[in-house]
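# A look at the structure
The chain contents come next:
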Amino acid sequence: MNKLKIKLSTPEMVGDFINVCSKYKCDINVYDGRVILDGRSIIAMFSITQGKVIEVQAISSDKSVISSFIGDMKKFEV
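Now for a description of the structure that goes with this document. As the structure is a prediction and not an experimental result, all values here were calculated from the model. (Residues numbered from 1 in each chain as written. Predicted model: local features only at pLDDT ≥ 70, side-chain atom pairs only at ≥ 80, totals over all residues. Heavy atoms only, no water.)

### Brief notes about the pattern of salt bridges
Following the criterion strictly, the structure yields 6 salt bridges and no others. Several salt bridges converge on common partners, so that one network encompasses D27, D38 and R40. (Salt bridge = Lys/Arg side-chain N within 4 Å of Asp/Glu carboxyl O.)

What follows is the structure, given as structure tokens:
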């Protein structure tokens, strides 16, 4: 359950990120410094400064879910 470093530079990227996260039934944690946000929350994700490097993590015991999530995050990775 590794954290991935990502960057959401535009409002469109934030929307794409939320759509990707919404297809997962597990928790998606986004770490902005000491703050942990819900990756499926529009309000939470738009509260992050665009273009800032943040970390994201899918919380699941199913390794196939984690693997799929990591693949989906490739387009946002730093």
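### Focus: the nonpolar core
Counting residues in each nonpolar core, the largest one holds 23 residues, and the members touching the most others are F17, M45, V56 and M73. Residue assignment for this core shows that the elements contributing at least two residues are β1 (4–7), α1 (11–22), β2 (27–32), α2 (42–46), β4 (53–59) and α3 (63–73). If you tally residues by element for this core, the top one is α1, at 5 residues. When residues no more than four places from it in sequence are discounted, the contact partners of F17 are I6, L8, V30, G39, M45, V56, M73 and F76. (Core = buried A, V, L, I, M, F, W, Y, C linked by side-chain atoms within 4.5 Å. Buried < 20%, exposed > 50% of the residue type's maximum accessible area, 1.4 Å probe, protein only. Helix = DSSP H or I, 4+ residues; strand = E, 2+ residues; numbered from the N terminus. Contact = heavy atoms within 4.5 Å.)

### Considerations on α3
Restricting attention to buried positions, one finds in α3 the residues I66, F69 and M73. The buried residues of α3 occupy an angular sector of 65° when projected down its axis, which confines them to one face. Against β1, α1, β2 and β4 lie the buried residues of α3. (Arc of directions from axis to C-beta.)

### Let's talk about the sheet that holds β1
Pairing between the strands of a sheet is mediated by backbone hydrogen bonds and can be parallel or antiparallel. Taken together, the 4 strands give an open sheet; going across it, the order is β1-β4-β2-β3, and neighbouring strands pair in antiparallel fashion. Both outer strands of the open sheet, β1 and β3 (35–38), are each paired with one neighbouring strand and no more. Within this sheet the neighbouring strands show an average axis-to-axis angle of 35°, counted without direction. Alignment of β2 against β4, held across 5 bridges, turns out to be antiparallel. (Pairing = 2+ DSSP bridges. Axes fitted to C-alpha atoms, helices over the stretch in contact; angles between N-to-C directions.)

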